[in-house]
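Letter by letter, the chains look like this.
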Amino acid sequence: MTTRPAAGLLGPRPDPREPIRIGFQVWGQSIGWAELMATGPRIEGLGFASLFANDHFMPILGDGSGPIVGPSGPVFEGWMTLAGWAGLTDHI
């Protein structure tokens, strides 16, 4: 009988024979809330194992040759984005 290592910060360690689990990160920038929320169930439906949101209060797109600014539009906070997706997904 083999024992698995105890769960850590990221949960239980997968068995080496389990398939690779891949996550997806969505930038909540320059997109409407309804569109952003629709991405969670869609990503889950595509089979991804986890879903991440960035946590920047300012747009971070740009070319680096001057102030880093992105296109105009909303920038949604990461924790609220994750909370929204939690209510719309089953396992991701």
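All of the points below concern the structure found in this document. (Residues numbered from 1 in each chain as written. Predicted model: local features only at pLDDT ≥ 70, side-chain atom pairs only at ≥ 80, totals over all residues. Heavy atoms only, no water.)

### Examining the packing of helix α1 (residues 33-45) against helix α2 (residues 78-86)
Inference 1: Two numbers describe how α1 lies on α2: the axes approach to 9 Å, and their chain directions differ by 60°. With respect to each other, α1 and α2 are oriented oblique. As α1 packs across α2, the resulting crossing turns out to be right-handed. For the pair α1 and α2, the contacting residues are W33, L36, M37, T39 and G40 in the first and M80, T81, G84 and W85 in the second. (Axes fitted to C-alpha atoms, helices over the stretch in contact; angles between N-to-C directions. Helix = DSSP H or I, 4+ residues; strand = E, 2+ residues; numbered from the N terminus. Parallel < 35°, antiparallel > 145°, perpendicular 65-115°, else oblique. Left-handed = near helix turned anticlockwise from the far one by under 90°. Contact = heavy atoms within 4.5 Å.)

### Examining α2
Inference 1: Among all positions in α2, only G78, T81, G84 and W85 are buried. Considered in projection along α2, the buried side chains sweep an arc of 125° and stay on one side of the axis. Pointing more than 90 degrees away from the buried face of α2 are the exposed residues W79, M80 and A86.
Inference 2: The secondary structure elements touched by the buried residues of α2 are β1 (23-26), α1 and β2 (50-53). (Buried < 20%, exposed > 50% of the residue type's maximum accessible area, 1.4 Å probe, protein only. Arc of directions from axis to C-beta.)

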